[in-house]
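# Structure assessment
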Amino acid sequence: MLSRTASCTCGQLSITVEGEPDGVGLCHCLACQARTGSAFAYLAGFRGPYTVTGRATEYVRTGDAGASFCFRFCPVCGSTIYHTEEGVKDGVSIAVGAFADPDFPPPQDSVYDCRRHGWVVMPEGVRVFDLDPE
């Protein structure tokens, strides 16, 4: 089975998952833009088990629909690596850039398109949602 490891910039924090992602997507919400310092978040969802190595600092944020998300980032370099959603057992979302893999699968979905920067063009075949469909 395929194993993938995502790491922070300094290498202190990493997460290893097995298999292909359950889904890959982009989020254009303003909270993700602020969190990533970019125009969108590029995330891959995986099911457990997964292994975390190193120390993480946590930040909990409540989404528009009321769900709580716990973001984990490196306390040394500040890189956001992964997050979990309260009530979702064994699921983890990982920042695709942390895999350092230019051949990582492309996004399938794009959420919060109402906040997408005008210069960002979605690849053909990506399902686009004005808000989060969940």
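Predicted, not measured: the structure shown is a model, and the values here were computed from it.

In this model, the protein carries a mean pLDDT of 95, and residues with pLDDT of at least 70 account for 100%. Within the protein, the element-level pLDDT minimum falls on helix α1 (residues 30–36), averaging 94, and the maximum on strand β2 (residues 14–18), averaging 98.

Turning our eyes to something else, we now look at the sheet that holds strand β6 (residues 57–62). In space, the eight strands of this open sheet follow the order β6-β7-β8-β9-β4-β3-β10-β11, with mixed pairing throughout. What marks the edges here is a single partner per strand, and that holds for β6 and β11 (127–128). Direction of pairing for strand β4 (residues 41–47) relative to strand β9 (residues 91–95): antiparallel, over a ladder of five bridges. Within the sheet, the bridge partner assigned to R47 lies in β9 and is G91.

Within this model, the largest pocket holds a volume of roughly 1,100 Å³. F69, E85, S93, D132 and E134 are, among the 39 residues lining the largest pocket, the residues nearest its centre. By residue class, the composition of the lining of the largest pocket is 20 nonpolar, ten polar and nine charged. Space inside the second largest pocket adds up to approximately 260 Å³. What lines the second largest pocket is a set of 17 residues, among which T36, T80, A95, G97 and A98 lie closest to the centre. For the lining of the second largest pocket, the secondary-structure elements that each account for two or more residues are α1, β4 and β8 (80–85). Broken down by element, the lining of the second largest pocket gets its largest block of residues, three residues, from β4.

Right, let's talk about the sheet that holds strand β1 (residues 3–7) for a bit. Ordered in space as β1-β2-β5, the three strands form an open sheet in which the pairing is antiparallel. In this open sheet, the two strands that pair with only one neighbour each are β1 and β5 (50–53). The average undirected angle you get between the axes of adjacent strands in this sheet is 15°.

According to the stated counting rule, one finds two aromatic pairs in the structure shown. With a centroid separation of 5.0 Å and an interplanar angle of 15°, the aromatic rings of F99 and F104 are classed as stacked. Residue classification places F99 among the buried residues on the basis of a relative accessible area of 9%. Classification of F104 by relative accessible area gives buried; the value is 7%. Grouped by ring-pair contacts, the aromatic residues F46, F99 and F104 constitute a single cluster.

Here is what the cut-offs are and how they apply
Residues numbered from 1 in each chain as written. Predicted model: local features only at pLDDT ≥ 70, side-chain atom pairs only at ≥ 80, totals over all residues. Heavy atoms only, no water. pLDDT = per-residue confidence, 0-100. Helix = DSSP H or I, 4+ residues; strand = E, 2+ residues; numbered from the N terminus. Pairing = 2+ DSSP bridges. 1 Å grid on protein atoms, 1.4 Å probe; cavity = no way out; pocket = protein on both sides within 12 Å on 5 of 7 lines; lining within 4 Å. Points joined across faces, edges and corners; volume = space filled by probe spheres on them. Nonpolar A, V, L, I, M, F, W, Y, C, P; charged D, E, K, R; others polar. Axes fitted to C-alpha atoms, helices over the stretch in contact; angles between N-to-C directions. Phe/Tyr/Trp six-rings, centres within 6.5 Å; stacked < 30°, edge-to-face > 60°. Buried < 20%, exposed > 50% of the residue type's maximum accessible area, 1.4 Å probe, protein only.

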